Amino acid sequence: MMSQNNPLEAPSHSPTPSLTMVRSLPQGVDELSAMGPLELFQSQLEHGLTEAKVDGMKRLSVVAYALGTEATLSSLIPYLTNVAMKQPPHEDEVLLTLAAQLQLMVPNLLSSNTQVLPLLPILERLSTMEETVVRDEAVKAVNHISPHIDDFTQLTSMAKRLVAADWFTAKVSAAGMCPTLFKVTQEDDLRFLYRDLCQDDTPMVRRAAAMHLGEFFSQLSFDKVQELQPILEHLCGDEQDSVRLLAVASMAQIGPKFSPDWTTQALLPLVKQGSTDLSWRVRHNLAKAFSDVALSLNLNENYPSQKSLIMACFVALLQDQEGEVRAGAVGHLAKMVHWGGATLFTSHLQALLPALADDVVVDVRSKCALALMDSSEGGTLPDPIIVKAFTPLLENFLQDEYAEVQLHVLNNLSRISHLLNQMSGVVSNIISMSKAQNWRVRQGVAELLPHLAEARGMDFFSTVLQEPAWMALMLDSVADVRLACVAGVAKLCNVAGDDWIVQSLLPQHIKIYDHSANSYLMRITILQGHAQMA
Amino acid sequence: IFSFDDPTIDKRGKDMKRQTLLELVNYVNSPVGQKIFTEFIMPDLMDCIGVNLCRTLSPATDEFDPEEDEPAFEPAWPHLQVVYEFFLRFIVSSEVNAKSAKKYVDTKFCFQLVELFDSEDPRERDYLKTILHRIYAKFISHRSFIRRAIANVFYRIVYETERHNGIEELLEILGSIINGYSIPLKQEHLQFLTRVLIPLHKPKCVALYHQQLRYCIIQYIEKDADTVILILNGVFKYWPWSCSEKQVMFLSELEDILELLGPDQLEEVNTILFTHLALCLDSNHFQVVERALILWDNEELVNSGCLSCLNAQTVLPLIYRSLYKNSNGHWNDTVEGLAQEVLKMYREYDLVFYDKCTTAYIQEEGKTKRKLETIAKRWEKIEEEAMANKQILMTTN
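Note that the structure is predicted; figures quoted are calculated from it, not measured.

Draft legend 1. Spotlight on the overall build of chain A. Helix and strand content of chain A: 33 helices and 0 strands. The buried share among the 534 residues of chain A stands at 57%. In chain A, the proportion of contacts linking residues at least 24 apart, taken out of those at least 6 apart, comes to 71%.

Draft legend 2. Quick look at the side chain of Thr 202 of chain A. Take Thr 202 of chain A: it is sitting in the loop between helix H12 (188-198) and helix H13 (203-211). Once residues lying within four places of it in the same chain are set aside, the contact partners of Thr 202 of chain A are Phe 168 of chain A together with Asn 152 of chain B.

Draft legend 3. Up close: the interface of chain A and chain B. Each partner contributes to the interface: chain A provides 60 residues, whereas chain B provides 43 residues. Carbon and sulfur atoms supply 60% of the area that chain A and chain B bury against each other, a total of about 4600 Å² over both sides. Area buried by chain A at its contact with chain B is led by Arg 23, Glu 130 and Trp 167 of chain A, which between them contribute 13% of it. Glu 131 of chain A serves as the salt-bridge partner of Lys 202 of chain B, at 2.8 Å between the closest nitrogen and oxygen. Going through the elements one at a time, helix H1 (19-23), helix H2 (29-33), helix H3 (37-47), helix H5 (60-85), helix H9 (132-145), H13, helix H16 (241-254) and helix H19 (280-288) of chain A are the ones with two or more residues in the side of chain A that touches chain B. Tallying contributions element by element places H5 of chain A first for the side of chain A that touches chain B, with 7 residues. Of the residues that constitute the side of chain A that touches chain B, the class distribution is 29 nonpolar, 16 polar and 15 charged.

Draft legend 4. Highlighting the state of the cysteines. One pass over the full model with this rule turns up 0 disulfides over all chains. Of the cysteine sulfurs around Cys 178 of chain A, a residue in no disulfide, the closest is that of Cys 198 of chain A, at 9.2 Å. Cysteine Cys 280 of chain B shares no disulfide, and the gap to the nearest cysteine sulfur, in Cys 243 of chain B, comes to 13 Å. Residue Cys 280 of chain B is classed as buried on the basis of its relative accessible area of 0%.

Draft legend 5. Representation of the confidence of the model for chain A in the model. Residue and element names in this part refer to chain A. Averaged over all residues, the pLDDT of chain A is 77; the fraction at 70 or higher stands at 80%. Per-element averaging of pLDDT across chain A places helix H30 (residues 458-474) at the bottom with 65 and H9 at the top with 89. Segment residues 1-12 is flagged for pLDDT under 50; beyond a separation of four residues in sequence, or across chains, it makes 19 contacts in the model.

Calculation rules
Residues numbered from 1 in each chain as written. Chains lettered and ligands numbered in written order. Predicted model: local features only at pLDDT ≥ 70, side-chain atom pairs only at ≥ 80, totals over all residues. Heavy atoms only, no water. Helix = DSSP H or I, 4+ residues; strand = E, 2+ residues; numbered from the N terminus. Buried < 20%, exposed > 50% of the residue type's maximum accessible area, 1.4 Å probe, protein only. Contact = heavy atoms within 4.5 Å. Buried area = accessible area lost by both parts, 1.4 Å probe. Salt bridge = Lys/Arg side-chain N within 4 Å of Asp/Glu carboxyl O. Nonpolar A, V, L, I, M, F, W, Y, C, P; charged D, E, K, R; others polar. Disulfide = S-S within 2.5 Å. pLDDT = per-residue confidence, 0-100.

In structure tokens:
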């Protein structure tokens, strides 16, 4: 792919001609060396085989810059229009490169309205092509150049023609272009066109429309959105589940600008419908975007019943039959906790946690562990609740057979270290984990121990933790674990104070140093530790 | 409806349901039992079947390689199978006539059936195939809808996701549908060929259903010989240059198509076909070259088709260079031998012409190298000019 920042940079970006390509060109050596950029370009496109054509097309922006703006407009662009309109069409790779290269010409070479306008027919043609990547690139190109165009009627009539085409390819491209076109032109007609797309026969078109729905709606002002609201409902109730799932997720982008009154009336029922949809795919998609959707509804304290309704929907997703849906929903648990606040947490979510923590699917458990850690931050939940609700779960997580789950908890425990005082079960688990099989777990423990020291005090550390855990980890066979210990020594110093270090830790270190004549690695570790202490 | 996720739950209930269903099937298998298929009972019957069958399929197993892994069998099969059996008896039964039944076996239901083809369980797909085929045969008014639904599924495969488990079965049904098309082919059917079947050559997983796809393509050619040109152009457009396995498959398909290529159509595609074959012979992968050379082993093609001596004048200049290179020092003995044989064949056709080609080739080679240097230099110069221009533009803007 051509780089977008500077296409004319090092020659390494430009294609190298090959023998096969050259063979297909009819001109002789003398003729070739005298050809201007345009002739050479045209020759490769007319006579060459595919390779020659692609090579030539990749040099399009070079040709354009070599010709300069005037010549480009007068000769190159008309030629390119013919290239694009050719029947049967050129190879897909040629057309794809054409779309990409045209973007490079704007805004440096062609910037004013009259200069950019001629590109439009070419891109319109390319966006009707069969091959998806060509179409996508053409849509990208149109979105790139349309801010430079003042002649809005041209843009609108292009959109109209695309939507009126008989095959779905053009319509799908139109769906991709509409948001940006509307942003630029603010033409009403585009709204009606988009509505037609949403009601089209072919599921492919409806899918494309649903995909860009959020983006399109976010450009509209309130009264216009109200007009188009039936479309949203229609798409959320479409018979194809693939359309429904895209429409439901698009709600995340629609809500933010509008008042809670409207969102509760318009969007809330759709959220409810989506969370109880028959097809697990729709529920899954909604679950994956749930916190964004919830946030976009803009509900504040004045709408407690609506908020608990949303929470109820979330709960339904958390208890869904399909593991994938549950996993998707759990991923948003932390955000929903912060959104809902402590009251909603105790009323709706707290009861579910044990079941989720024990779920059959590993993904759910590991995401749940992460979610618990995330939700304990930020002050939303008061400490007593955290201790009461989370402690048993955390203990279970730490004993989980999958290291991923254990790691999520370990790596984040430092955030609630001030509470560790009250979670003795958790602490004893940590100690046993310092001997875990998986080295990452041991590393996590090593990182955690200084925090524990801070929380429980140095006496606890020296009596309980030091001998079995800290020293063992310091001498661990895996380098990363030792490094974690070394980093931890610095924190220990802060916590413990110099005296303690000199009294207890240092003699131990020296003892190890003397005894580990065999392993230079151990000695290095000790030395690094000393460096930290200084 | 019982959930089969955890096999031990509610075992007794599940067994009872299965027993009841089995009894039903046995009952309708007898002639007396058939009488129950009256219109009166149809709404309830379709309700029951709809609720059991029409479900969203469970999430696909990740990284399922159809050739390697065992398919994941549907856990609810004990019930599903009997329901399918029952429904099949219903559709096939002579007691059920299309006019009355079509209100209940409606387009929405057919749509659900087509969606179910994505199931990972091959037994289910087998049942679906038979059932859908019967429905197509029996309910004439639903035919166009079923074709459109299948087309939509294929569009999705080609343009959006590339995974679908049921393409072979759907194509098998299509094969017999195409077989039943009347000549001359309707516009709708031709559009189906160009917009659906030919693009089906594109996805990576074409190996799974290539056999059935070939059959469908051949059916089209047999119905209307002119479609060959459309098909050849399409196949060349989607030729998988970067995947050698697929290329070998495409070459076999090409052989089938060429056998049906008549002299009129040959005139139109002659140059394209052999330029294309020349590129195949040039391939770096020996299996592709070998497969292309084996085309000349095909008696039909050599005696009366596009590879015969009548066509040699057009063919030889295009493929001479590649043949010569392969016959003279290819690392693979088979390829070398095959290439030499093909050259020998053309020498026997027309010696004079052969010699002319040889001399032309030698002259070309020398010129090409010099051309390459010239072109590379010329483009470098142009790039320098362009750079300079761009600097000016950026400073003035």
